[in-house]
Amino acid sequence: MITKVGLRINGENREGIVRMADTLLDTLQDQFDLTGAKRGCENGDCGSCTVLIDGWPMKSCITLTVEAAGKKITTIEGLQGSLVQKAFMDKWAFQCGYCTPGFIMNCHALVNIHPDANDKVIEEWLESNICRCTSYQEIREAVRSVLQKKGEM
Ligand code: FES
Ligand code: FES
């Protein structure tokens, strides 16, 4: 079955024609040309496809597009110039970069939801994303530097 769906993506109202079984990842990539969320495991384990839905990190490969209708969706394209994106660059928190959009989305939500996050909380949040080639140390440092900056604001 095919249906029309209204989505609010990165602050813009968009309309898509989707099958009930289409994932949000499919729709973002195929209909809206938003390719920043990456296709990895496609079963909810790696986090490379992470987007924010109403501010919470969600795996877009296991979220149906119809479930996201009417909600506020943020993709990596909507976080250009964000503190977390800058911190990842400053701390060299990437190597090949394939996992990086997903990590940035997750870390952006983390610093917003837990502005006082300690190392244990950071560790727990980072468990939802997998990086195969860089050290998680730089990613932790990037998150800590944003938390510190936000604390000084
Ligand atoms: S591609 Fe979605 S969690 Fe791996
Ligand atoms: S930087 Fe290559 S998978 Fe994370």
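Everything below is about the structure printed above this text.
Residues numbered from 1 in each chain as written. Chains lettered and ligands numbered in written order. Predicted model: local features only at pLDDT ≥ 70, side-chain atom pairs only at ≥ 80, totals over all residues. Heavy atoms only, no water.

Enquirer: Tell me about the pattern of salt bridges, residues and numbers included.
Expert: Taken as a whole, this structure holds seven salt bridges when the rule is applied. The partner of R19 in a salt bridge is D22, with the nearest N and O atoms 2.8 Å apart. Residue classification places D22 among the buried positions, given a relative accessible area of 8%. For the salt bridge of R39 with D26, the shortest nitrogen-to-oxygen distance reads 3.2 Å. Taken as a pair, R39 in the loop between helix 1 (24-30) and strand 3 (50-53) and D26 in helix 1 lie far apart in primary sequence, 13 residues in all. Salt bridges sharing partners connect three or more residues here, namely D26, R39 and E42. (Salt bridge = Lys/Arg side-chain N within 4 Å of Asp/Glu carboxyl O. Buried < 20%, exposed > 50% of the residue type's maximum accessible area, 1.4 Å probe, protein only. Helix = DSSP H or I, 4+ residues; strand = E, 2+ residues; numbered from the N terminus.)

Enquirer: Quick rundown of the environment of T134? Include the residues and the values.
Expert: By the element assignment, T134 lies in the loop between helix 5 (119-126) and helix 6 (136-152). When the C-alpha positions of T134 and A93 are compared, they lie 7.2 Å apart, and in sequence the two are 41 residues distant. Discounting chain neighbours no more than four positions away, the residues touching T134 are A93, F94, Q95 and I139. (Contact = heavy atoms within 4.5 Å.)

Enquirer: Could you give an account of the environment of T3, with specific residues and numbers?
Expert: For T3, the position within the fold is in strand 1 (residues 2-9). T3 sits in the partly exposed class, given a relative accessible area of 22%. In this view, T3 contacts G16, I17, V18, M20 and V66; residues no more than four positions away in its chain are not counted.

Enquirer: How would you summarise the sheet that holds strand 1 if you had to cite specific residues and measurements?
Expert: Within a sheet, each strand pairs with its neighbour through backbone hydrogen bonds, oriented either parallel or antiparallel. Strand order across the open sheet formed by five strands is 2-1-5-3-4, with mixed pairing between neighbours. The open sheet terminates on both sides in strands that have one partner only, identified here as strand 2 (12-19) and strand 4 (56-59). Sheet twist, expressed as the mean angle between neighbouring strand axes with direction ignored, is 45°. Pairing between strand 3 and strand 5 (residues 72-74): two bridges, direction antiparallel. If you follow I53 over to strand 5, its bridge partner there is I73. Set on the sheet, helix 4 (residues 100-113) makes contact with strand 3, strand 4 and strand 5; between it and strand 3 the angle comes to about 35°. (Pairing = 2+ DSSP bridges. Axes fitted to C-alpha atoms, helices over the stretch in contact; angles between N-to-C directions.)

Enquirer: So what's going on with the side chain of N106? Which residues, and what values?
Expert: Secondary-structure assignment places N106 in helix 4. Residue classification places N106 among the buried residues on the basis of a relative accessible area of 2%. In contact with N106, other than residues within four places in its own chain, are T50, P57, W125, L126, S128 and N129.

Take it as geometry only, folks, not as evidence of what the structure does.
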